[in-house]
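What follows is the residue order along each chain.
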Amino acid sequence: SPTEAVIWYQRYVAEAPSGAWIPEALGRRMVLLRKSGDEKAALEAATAYLLRFPRGPYAGVAREMTAEF
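Here is what the cut-offs are and how they apply
- Residues numbered from 1 in each chain as written.
- Predicted model: local features only at pLDDT ≥ 70, side-chain atom pairs only at ≥ 80, totals over all residues.
- Heavy atoms only, no water.
- Axes fitted to C-alpha atoms, helices over the stretch in contact; angles between N-to-C directions.
- Helix = DSSP H or I, 4+ residues; strand = E, 2+ residues; numbered from the N terminus.
- Parallel < 35°, antiparallel > 145°, perpendicular 65-115°, else oblique.
- Left-handed = near helix turned anticlockwise from the far one by under 90°.
- Contact = heavy atoms within 4.5 Å.
- Nonpolar A, V, L, I, M, F, W, Y, C, P; charged D, E, K, R; others polar.
- Phe/Tyr/Trp six-rings, centres within 6.5 Å; stacked < 30°, edge-to-face > 60°.
- Buried < 20%, exposed > 50% of the residue type's maximum accessible area, 1.4 Å probe, protein only.

(A) Geometry of the packing of helix α1 (residues 2-15) against helix α2 (residues 22-35). At a minimum axis separation of 9 Å, α1 and α2 run at an interaxial angle of 150 degrees. By the criterion of interaxial angle, the relationship of α1 to α2 is roughly antiparallel. The two elements α1 and α2 meet at a crossing, and its hand is left-handed. On α2, the residues touching P2, A5, V6, Y9, Q10, Y12 and V13 of α1 are I22, A25, L26, R28, R29, L32 and L33. Classifying every residue of the contact of α1 with α2 by side-chain character gives eleven nonpolar, one polar and two charged.

Here you go:
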């Protein structure tokens, strides 16, 4: 489920804050938050993503999300 996936992405980030898959984990978490309808958390995640990974694999999605709000 998306809710469970968000929890696992958060767990990965907490346990491996400099892990190789952090950009992907944070990006997927951001997308799932939006899909689940949590617009506030999704916007916060998108903003944080862009600050940390302005050229990351989910930067385009994060820019679209922040521009919509």
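Text resumes after the structure shown.
(B) Region of the structure containing the packing of aromatic side chains. The tally for this structure, following the rule as stated, stands at two aromatic pairs. Each ring, one from Y49 and one from F53, has its centre 5.4 Å from the other, and the planes form 45 degrees; the classification is tilted. Here Y49 and F53 have matching classes, each one buried. Here the aromatic rings of Y49 and Y58 are separated by 6.5 Å at their centres, their planes lie at 85 degrees, and the arrangement is edge-to-face.

(C) Here's a closer look at the environment of G60. Checked against the element boundaries, G60 lands in helix α4 (residues 59-68). Expressed as a C-alpha distance, the spacing of G60 and A14, which sit 46 residues apart in the sequence, is 24 Å.

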